[in-house]
Each structure stands twice: as C-alpha cells, then as structure tokens.
Amino acid sequence: MAEPAAIEYRIDRRSGVATYLQIVQQTKQALRLGLLEPGDRLPAAREVVEATAINPNTVLKAYRELEREGLVEGRRGLGTFVTGTLGGAAASDDGALRAELADWARRARAAGLEKDDVSALFTAVLDRTFEGDRTG
C-alpha cells in the first residue's frame, strides 16, 4: 500500500471556518505548492482524527468535497488518492518569488506586524491585484 502524502492538517477552531473546509483548503494549498501530486495517498480518516481530534465524519465530508471537485478519488480498501492538480507554474519554478515573499514577511514581522495583520494586508493587496481577473 502506498505511503500517505506528507500533509499534516492543522485545525484552527477559532477561525470561524468549518473544520471540513479547513481540510479542503489545506489540501488545495498543498496541491498548489506541489506538496501533493497525482498518485499521492491522503492520510486515512483515522489518522487525521488521531492527529486533530475531530469527528471522522468531518474528514470524510472533506474528502467527499475534494472528490466532487475532481481532485481526489476514493478507492475502497486502499484509501483516497490525489487525481488532480492546481496552480499555474510548477512549484519548482517559484523559488525566487518564495524568497522575496519570505523576505517581505520577515520585514513585516520586524516592523511589529502580527501574523493576522500580515495576512490581512497580503489578502487586501492580492484582492486588489487580481480584481480584474474575476469572472461570473
């Protein structure tokens, strides 16, 4: 049996985001960053439950949502496997951008900004930057 992918879900009970959606979002982020690739096996629901102390049905709901979106496939008796990808450029191509962003984050922290402040600032700039790309 394939080893599960190296993804560890972190649940923030104070975020206001449903627990199953946090799993979906973290899985999608791992796909975008190239940490998960087609063929990788997600951790078994039991493993996620043990690591996060959440209800097994919550994990299964997240995995069903990922399956509905065409990103994973459940295989009876074998587990849940990544079948899709997300993101544009390959993760290996983003090294320079990642370094610049890490430098920016360190400067923001040195300037006294908290993690939530940095996140809000980055999200505002990101939204403004991609404003014209919205469809629908």
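Described in the following lines is the structure provided in the data block.

Rules and cut-offs
Residues numbered from 1 in each chain as written. Predicted model: local features only at pLDDT ≥ 70, side-chain atom pairs only at ≥ 80, totals over all residues. Heavy atoms only, no water. Salt bridge = Lys/Arg side-chain N within 4 Å of Asp/Glu carboxyl O. Helix = DSSP H or I, 4+ residues; strand = E, 2+ residues; numbered from the N terminus. Buried < 20%, exposed > 50% of the residue type's maximum accessible area, 1.4 Å probe, protein only. Pairing = 2+ DSSP bridges. Phe/Tyr/Trp six-rings, centres within 6.5 Å; stacked < 30°, edge-to-face > 60°. Lys NZ or Arg CZ within 6 Å of the ring centre and 35° of its normal. Patch = residues over 30% accessible without salt bridge, like charges linked within 9 Å, V, L, I, M, F, W, Y side chains within 5 Å. Areas by Shrake-Rupley, 256 points an atom, 1.4 Å probe, with all protein chains shown as cover. Lys, Arg positive; Asp, Glu negative; His and termini not counted. Charge placed at Lys NZ, Arg CZ, Asp CG, Glu CD. Core = buried A, V, L, I, M, F, W, Y, C linked by side-chain atoms within 4.5 Å. Axes fitted to C-alpha atoms, helices over the stretch in contact; angles between N-to-C directions. Parallel < 35°, antiparallel > 145°, perpendicular 65-115°, else oblique. Left-handed = near helix turned anticlockwise from the far one by under 90°. Contact = heavy atoms within 4.5 Å. Nonpolar A, V, L, I, M, F, W, Y, C, P; charged D, E, K, R; others polar.

Before going further, it helps to spend a moment on the pattern of salt bridges. As enumerated under the stated definition, the model contains six salt bridges in all. Two residues, R46 and E50, come together in a salt bridge whose shortest N-O distance is 4.0 Å. Highlighted residues: R46 and E50, both in helix α2 (residues 45-52), separated by four residues, approximately one helical turn. Of the two residues, R46 and E50, neither departs from the other in class, the shared state being exposed.

Glancing now at the pairing of strand β2 (residues 79-82). Here strand β1 (residues 72-75) runs beside β2; their pairing, made up of four bridges, is antiparallel. Each bridged residue has a counterpart across the sheet, and for E73 the counterpart in β2 is F81. Between β1 and β2, which pair antiparallel one after the other, the connecting turn spans three residues, and G77 there sits at a positive phi close to 80°.

Next up on the list: the packing of aromatic side chains. Applying the stated criterion across every chain yields a total of one aromatic pair. The ring centre of Y20 lies 4.2 Å from the NZ or CZ of K61, which sits over that ring. The residue whose ring lies beneath R75 is F81, and the NZ or CZ to ring-centre distance is 4.3 Å.

A separate point is unusual backbone geometry. Unlike most non-glycine residues, A53 shows phi in positive territory, near 55°. Note that A53 resides in the loop between α2 and α3 (56-68).

On to a negative patch on the surface, then. On the surface, a cluster of negative charge is contributed by D12, E114, D116 and D117. Within the element layout of this structure, D117 appears in helix α5 (residues 115-129). Judged by relative accessible area, which is 38%, D117 ranks as partly exposed.

Turning to the nonpolar core, a few remarks are in order. I23, L42 and Y63 are the most contacted members of the largest nonpolar core, which totals 19 residues. Counting residues per element, the ones that place at least two in this core are α1 (19-32), α2 and α3.

With that out of the way, let us pick up the packing of α2 against α3. Two elements in contact, α2 and α3, have axes whose closest approach is 9 Å; the angle formed by their N-to-C orientations is 125°. It follows from the interaxial angle that α2 and α3 lie oblique. By crossing handedness, the relation of α2 to α3 is classed as right-handed. Contact with α2, carried on its side by A45, V48 and V49, involves P56, V59, L60 and Y63 of α3 and no other residues of that element. Of the residues that constitute the contact of α2 with α3, the class distribution is seven nonpolar, no polar and no charged.

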